[in-house]
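Below are the chains, spelled out letter by letter.
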Amino acid sequence: MLFLYSLGLRLYALLLQLVASFVPKAARWVEGRQGLLPRIQNALRQETAPLAWFHCASLGEFEQGRPLMEAYAAQFPQHKIVLTFFSPSGYEVRQNWPGAAYVFYLPLDTAANARAFLDAVRPRLAVFVKYEFWYYYLTELHNRQIPTISVSAIFRPEQNFFRPWGGFFKRILGRFTHIFTQNDESVRLLQQVGLTQASKAGDTRFDTVVRTAAAPPRPLPIVEAFVQDRAPVFIIGSSWPEDLPVLSPLLQQYQQQLRFIVAPHEISETNLRLVEQALPGQVVRYSQADAATVGQSRVLLMDNVGLLSQLYRFGQYAYIGGAFGKGLHNTLEAAAFGLPLFFGPTYGKFQEAQDLVALNCAFPVQQPSDLLRSFAYLYHDESARLRVLDDSLEYVHQSSGATDRIMRWLKGNVVNQ
């Protein structure tokens, strides 16, 4: 199995090299790893401070690990953080994040790379966020007796770890010093296969969204002018082209009653034009909007990045994209403001989405009529919408605290030893 694992990774890297000339994301993945280990070695050669290594697959996992990194830095200011990413979408956005002293791509998981990387970094602690399970890195960390934890992890019975043939994958998990899960079911699954070094801490993203919602709002003059007439605002966050067919009838029916703010997941001219074509009418792009005239439009199309978490405070309803494709995007940012949520059918891998649906605070849809029906119920019954607001806020606040629980464990079991 180890041979197949290594072969699969090498074939993956080879495939990315082959398609790099016409797939920009693949090109960035390949370019980012050219001469990577020497760059890491040179950057860290004269570093004498204690280092903690945090690894995130991409931008979503970074946001999941961010509150823990910030808490660690505050608790141990004499330490420095080394942050690595697997994906370009994480590295390119956060390569200059001031919370980390060093930000790198993660070299491909091979025995030689793991040894060279750890020789260079010499971490006092290693933290892997959510789904990152790399055999050679975890084995080398285990052999060097470097405390290694997984945070905000979530497991399901159908995963390879729990299959009859899953011994190799179970051994990977066995390399962790401790696994902090999002829910009790994940702990039970791990214990059933003999992995007892696990406990429920919750999802650290709750801590981020609670803090964001409570922070002083960032001034956004264009958005503030757009919503000045106090018409109800429907936020469409992280939309994909696959989401547009279910959204278009709602916008057409309610365009005169509501204002819509649309933030596509990927900002490109092609995607922006798809939104404009699918949602015809009074659409203005954020970069082209003027505070004096933006109120004349009914749809504000966000053609920038980094503002979505701030936009939800303007809304009364939210649609979260991705669940008609690879998977649902972040629902907690909107739930932290008490917004009723709508999204597509692919949400089963996300504990918070399942919880919000069970609480009748989120409404999965499969076709336009589902969205129209669920929205009309809340739009015409203000007491129902306010009940969702109260229940969402209660759920988010009761679910926070994972960062503090993990930090207490670290202080007691690792850092002060």
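Quick caveat: nothing in here was measured; it's all calculated off a predicted structure. (Residues numbered from 1 in each chain as written. Predicted model: local features only at pLDDT ≥ 70, side-chain atom pairs only at ≥ 80, totals over all residues. Heavy atoms only, no water.)

Caption draft 1: Structural detail: the UniProt feature "domain: 3-deoxy-D-manno-octulosonic-acid transferase N-terminal" (unreviewed entry) in the protein chain. According to UniProt, the feature "domain: 3-deoxy-D-manno-octulosonic-acid transferase N-terminal" (unreviewed entry) maps to residues 42-207 in the numbering used here. Regarding residues 42-207, the helix share stands at 40% and the strand share at 20%, and the terminal C-alpha atoms are separated by 35 Å. (UniProt positions renumbered as here; feature names shortened; annotations may be inferred. Helix = DSSP H or I, 4+ residues; strand = E, 2+ residues; numbered from the N terminus.)

Caption draft 2: Quick look at the layout of surface pockets. Reported here for the second largest pocket is a volume of approximately 250 Å³. Considering the residues around the second largest pocket, the lining is formed by 14 residues, among which Gln182, Lys200, Asp355, Tyr395 and Ser399 are closest to the centre. Ranked by residue count, the leading element in the lining of the second largest pocket is helix H16 (residues 351-358), at 3 residues. Its residues placed into classes, the lining of the second largest pocket shows 3 nonpolar, 5 polar and 6 charged. Each of two domains, domain 1 (49-202 + 401-414) and domain 2 (218-399), supplies a minimum of three residues to the lining of the second largest pocket. (1 Å grid on protein atoms, 1.4 Å probe; cavity = no way out; pocket = protein on both sides within 12 Å on 5 of 7 lines; lining within 4 Å. Points joined across faces, edges and corners; volume = space filled by probe spheres on them. Nonpolar A, V, L, I, M, F, W, Y, C, P; charged D, E, K, R; others polar. Domains from an automatic or database assignment.)

Caption draft 3: Structural context of the side chain of Ser297. Note that Ser297 resides in the loop between strand E10 (283-285) and strand E11 (299-301). Each residue touching Ser297, except ones within four places of it in the same chain, is listed here: Phe226, Arg259, Gln282, Val283 and Val284. (Contact = heavy atoms within 4.5 Å.)

Caption draft 4: Fine view of the sheet that holds strand E7 (residues 198-200). A sheet is described by the order of its strands in space; here 7 strands give the open sequence E3-E2-E1-E4-E5-E6-E7, paired in parallel fashion. Strands at the two margins of the open sheet, each flanked by one partner only, are strand E3 (102-105) and E7. The mean inter-strand angle of the sheet, taken between neighbouring strand axes irrespective of direction, is 20 degrees. Across 4 bridges, strand E4 (residues 125-129) lies against strand E5 (residues 148-153) in parallel orientation. Each residue of the ladder has a partner; that of Val129, found in E5, is Val151. Running over the sheet, helix H7 (residues 135-143) touches strand E1 (51-56), E4 and E5 and is turned about 150 degrees from E4. (Pairing = 2+ DSSP bridges. Axes fitted to C-alpha atoms, helices over the stretch in contact; angles between N-to-C directions.)

Caption draft 5: Examining the sheet that holds strand E14 (residues 362-364) more closely. Reading across the sheet, the 7 strands line up as E10-E11-E9-E8-E12-E13-E14 and stay open at both edges, with parallel pairing between neighbours. Both outer strands of the open sheet, E10 and E14, are each paired with one neighbouring strand and no more. On average, each strand axis in the sheet is inclined to that of its neighbour by 20 degrees, with strand direction left out of account. Alignment of strand E8 (residues 233-239) against strand E12 (residues 317-320), held across 4 bridges, turns out to be parallel. Paired with Phe234 across the two strands is Tyr317, which belongs to E12.

Caption draft 6: Structural context of the domain arrangement of the protein chain. Segmenting the protein chain into domains produces domain 1 (49-202 + 401-414) and domain 2 (218-399). Placing the centre of domain 1 and that of domain 2 at their C-alpha centroids yields a distance of 32 Å. Contacts between the two partners involve 8 residues from domain 1, matched on the other side by 5 residues from domain 2. When the two sides are added together, the surface that domain 1 and domain 2 hide from each other amounts to roughly 430 Å², 42% of it contributed by carbon and sulfur. Among the residues domain 1 hides against domain 2, the three largest losses belong to Ile154, Arg156 and Asn183. Together they make up 54% of the total. (Buried area = accessible area lost by both parts, 1.4 Å probe.)

Caption draft 7: How the structure looks around the UniProt feature "active site" (unreviewed entry) in the protein chain. UniProt tags Glu61 as "active site" (unreviewed entry). Residue position: Glu61 is located in helix H4 (residues 59-75). Owing to a relative accessible area of 17%, Glu61 belongs among the buried residues under this scheme. Setting aside chain neighbours within four positions, we find Glu61 in contact with Cys56, Val129 and Lys130. (Buried < 20%, exposed > 50% of the residue type's maximum accessible area, 1.4 Å probe, protein only.)

Caption draft 8: Spatial organisation of the nonpolar core. Within the largest apolar cluster, 80 residues are counted, with the highest numbers of intra-cluster contacts made by Trp53, Phe54, Leu83, Phe155, Leu173 and Leu410. Of all hydrophobic cores here, the second largest spans 70 residues; its members include Val275, Ala289, Leu300 and Tyr317. (Core = buried A, V, L, I, M, F, W, Y, C linked by side-chain atoms within 4.5 Å.)

Caption draft 9: Highlighting the packing of aromatic side chains. According to the stated counting rule, one finds 40 aromatic pairs in the structure shown. Centre to centre, the rings of Phe133 and Phe155 are 6.0 Å apart; their planes meet at 25 degrees, and the pair counts as stacked. Here Phe155 lies in the loop between E5 and helix H8 (167-174) and Phe133 lies in the loop between E4 and H7, a separation of 22 residues in the sequence. The pair formed by Phe133 and Phe155 is uniform in burial state, with each residue classed as buried. For the pair Phe168 and Phe169, a centre-to-centre distance of 5.3 Å together with 80 degrees between the ring planes defines the contact as edge-to-face. The buried category is assigned to Phe168, whose relative accessible area is 4%. Clustering of aromatic rings is evident, with ring pairs tying together Trp53, Phe117, Phe128, Phe133, Tyr137, Phe155, Phe161, Phe162 and Phe176. (Phe/Tyr/Trp six-rings, centres within 6.5 Å; stacked < 30°, edge-to-face > 60°.)

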